[in-house]
Amino acid sequence: SIERCFVGLFMYIMGVVIMMTSDAQKYYTLKYKRGLITTGLFALVRHPNYSGEMMLYGGFAVMVPHWIPMAVLAWVWLQVFVPNMMKGSQHV
């Protein structure tokens, strides 16, 4: 449906914006001051770059009117993103 496509497109755009903004914030903050980032998007979410990327891929899955893309996406999130987020949090 057209509504499904608009929701998916909105999720995709927001995911790209969040991912790119948090990557830029991380790059410039760590360039001048090492350590834990506690401002900007990182004040709201521990891993905003992963959250944005997950939202981006979720937008694609929402556009497809079938359950398989959501199942594949859930498997990828659990097998790739969650372990990477946990590994990154251990360094703090």
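The coordinates are above.
The following refers to the structure shown. (Residues numbered from 1 in each chain as written. Predicted model: local features only at pLDDT ≥ 70, side-chain atom pairs only at ≥ 80, totals over all residues. Heavy atoms only, no water.)

### What to know about the overall build of the protein chain
Okay, so step 1: From N to C terminus, the protein chain includes four helices and zero strands.
Okay, so step 2: Dimensions of the protein chain along its principal axes, counting C-alpha atoms only, are 45 × 25 × 15 Å.
Okay, so step 3: Split into buried and exposed, the 92 residues of the protein chain put 23% on the buried side.
Okay, so step 4: Look at the contacts in the protein chain between residues 6 or more apart in sequence, and 63% of them connect residues 24 or more apart.
Okay, so step 5: Carbon together with sulfur atoms contributes 71% to the accessible area of the protein chain, which is approximately 6,500 Å² in total. (Helix = DSSP H or I, 4+ residues; strand = E, 2+ residues; numbered from the N terminus. Buried < 20%, exposed > 50% of the residue type's maximum accessible area, 1.4 Å probe, protein only. Contact = heavy atoms within 4.5 Å. Areas by Shrake-Rupley, 256 points an atom, 1.4 Å probe, with all protein chains shown as cover.)

### Quick notes on a nonpolar patch on the surface
Okay, so step 1: A surface patch of nonpolar side chains, amounting to about 750 Å² of accessible area, comprises Ile-2, Phe-6, Leu-9, Tyr-12, Ile-13, Val-17, Tyr-57 and Phe-60.
Okay, so step 2: Of all the elements in the fold, those that place two or more residues in the nonpolar patch are helix 1 (2–32) and helix 3 (48–63).
Okay, so step 3: Along the polypeptide, Ile-2 turns up in helix 1.
Okay, so step 4: Among the residues examined, Ile-2 registers a relative accessible area of 52% and is labelled exposed. (Patch = residues over 30% accessible without salt bridge, like charges linked within 9 Å, V, L, I, M, F, W, Y side chains within 5 Å. Salt bridge = Lys/Arg side-chain N within 4 Å of Asp/Glu carboxyl O.)

### Side note on the side chain of Asn-49
Okay, so step 1: Secondary-structure assignment places Asn-49 in helix 3.
Okay, so step 2: Residues in contact with Asn-49, not counting those within four places in the same chain, are Met-19, Ser-22, Asp-23 and Lys-26.

### Comments concerning the packing of aromatic side chains
Okay, so step 1: Per the stated rule, a full pass over the model turns up two aromatic pairs.
Okay, so step 2: Taking 5.2 Å as the distance between ring centres and 45 degrees as the angle between the ring planes, the aromatic pair formed by Tyr-12 and Phe-60 counts as tilted. With Tyr-12 in helix 1 and Phe-60 in helix 3, this residue pair connects regions lying 48 residues apart in the sequence.
Okay, so step 3: Residue classification places Tyr-12 among the partly exposed positions, given a relative accessible area of 31%.
Okay, so step 4: Taking 4.8 Å as the distance between ring centres and 85 degrees as the angle between the ring planes, the aromatic pair formed by Tyr-27 and Tyr-28 counts as edge-to-face.
Okay, so step 5: On the basis of relative accessible area, Tyr-28 is assigned to the partly exposed category, the value being 48%. (Phe/Tyr/Trp six-rings, centres within 6.5 Å; stacked < 30°, edge-to-face > 60°.)

### Side note on the packing of helix 1 against helix 3
Okay, so step 1: Remark: helix 1 packs on helix 3, axes separated minimally by 7 Å, with the N-to-C direction vectors making an angle of 160 degrees. One finds that helix 1 runs roughly antiparallel with respect to helix 3. For the pair helix 1 and helix 3, the sense of crossing is left-handed.
Okay, so step 2: Across the contact of helix 1 with helix 3, the residue classes tally to 15 nonpolar, seven polar and four charged. (Axes fitted to C-alpha atoms, helices over the stretch in contact; angles between N-to-C directions. Parallel < 35°, antiparallel > 145°, perpendicular 65-115°, else oblique. Left-handed = near helix turned anticlockwise from the far one by under 90°. Nonpolar A, V, L, I, M, F, W, Y, C, P; charged D, E, K, R; others polar.)

### Some points on the side chain of Ser-22
Okay, so step 1: With respect to the helices and strands, Ser-22 occurs in helix 1.
Okay, so step 2: Here the side chain of Ser-22 touches Met-19 through a polar contact of 3.1 Å, landing on its backbone oxygen.
Okay, so step 3: From its side chain, Ser-22 meets the backbone nitrogen of Asn-49 in a polar contact 3.1 Å long.
Okay, so step 4: Ignoring sequence-local partners within four residues, the contact set of Ser-22 consists of Leu-41, Phe-42, Pro-48 and Asn-49. (Polar contact = N/O pair within 3.5 Å; in protein donor to acceptor, adjacent residues only side chain to side chain.)

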